[in-house]
Amino acid sequence: MGRNEIRLRRERMSAGRIARHRNYSELMRIYDRDMRLKRVLRAFTYFLIILFLFIILLIIWRWEKRQKEGSYVPTEIHLKA
């Protein structure tokens, strides 16, 4: 006898226990909808994190470019040309 069968035999079946299993298909539909929503939210969160990191990378690249352009000092060789 399986564990579930032992548990069912131990606990008496009542109207409340039977009612919990009547809406099994409805419960599964709600569960599937919730799991789909969680997957979409997780994907959206990952997208936002990647987008945020990409924006930070662009800001750093532009900042470094400005630093290099501002530190350029012409020498005599460059002035003669």
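Sequence order as written defines residue numbering, which begins from 1 separately in each chain. With the structure being a predicted model, the display of local features is reserved for residues of pLDDT at least 70 and the display and counting of side-chain atom pairs for 80 or more, all residues being used for whole-chain, interface and lining totals. Note that water and hydrogens are dropped before the side-chain values are worked out from all heavy atoms of the structure.

Per the secondary structure count, the protein includes four helices and zero strands. Burial classes follow relative accessibility: with a 1.4 Å probe on protein chains only, a residue under 20% of its type's maximum area counts as buried, one over 50% as exposed, and anything between as partly exposed. Evaluated residue by residue, the protein yields a buried proportion of 1% over its 81 residues. Method for areas: the Shrake-Rupley scheme with a 1.4 Å probe, in which residue coverage is limited to the protein chains shown. Surface accessibility of the protein: about 8500 Å² in total, with carbon and sulfur atoms responsible for 63%. Numbering of helices and strands runs from the N terminus; a helix is a DSSP stretch of H or I covering at least four residues, while a strand is a stretch of E covering at least two.

Once that is clear, we can look at a nonpolar patch on the surface. For patch detection, residues must exceed 30% relative accessible area and be free of salt bridges, and they are connected within 9 Å for like charges or within 5 Å for nonpolar side chains (Val, Leu, Ile, Met, Phe, Trp, Tyr). Salt bridges are defined as contacts in which a side-chain nitrogen from Lys or Arg sits within 4 Å of a carboxyl oxygen from Asp or Glu. A cluster of nonpolar side chains, contributed by Phe44, Tyr46, Phe47, Leu48, Ile49, Leu51, Phe52, Leu53, Ile55, Ile56, Ile59 and Ile60, occupies part of the molecular surface with about 1200 Å² of accessible area. Within the secondary structure layout, Ile60 lies in helix α3 (residues 24–70).

Time to look at the pattern of salt bridges. Where side chains of opposite charge bring their charged atoms close, a pairing between them can arise. Within the structure shown, the criterion is met by two salt bridges. The partner of Glu26 in a salt bridge is Arg29, with the nearest N and O atoms 2.5 Å apart. Note that Glu26 and Arg29 are positioned in helix α3 at a spacing of three residues, about one turn of the helix. Across the pair Arg33 and Asp34 runs a salt bridge, and its minimum N-O distance is 3.9 Å. Residue Asp34 is classed as partly exposed on the basis of its relative accessible area, which comes to 35%.

Across the protein, pLDDT averages 80, with 62% of residues at or above 70. A residue's pLDDT is the predictor's confidence in that residue, given on a scale from 0 to 100. Highest mean pLDDT in the protein belongs to α3 (92); lowest belongs to helix α4 (residues 76–80) (58).

We now examine a positive patch on the surface. A contiguous patch of positive charge on the surface is contributed by Arg36, Lys38, Arg39 and Arg42. Here Lys38 is to be found in helix α3. For Lys38, a relative accessible area of 49% translates into the label partly exposed. His is not counted, nor are the chain ends, whereas Lys and Arg count as positive and Asp and Glu as negative. Here the site of a charge means NZ on Lys, CZ on Arg, CG on Asp, or CD on Glu.

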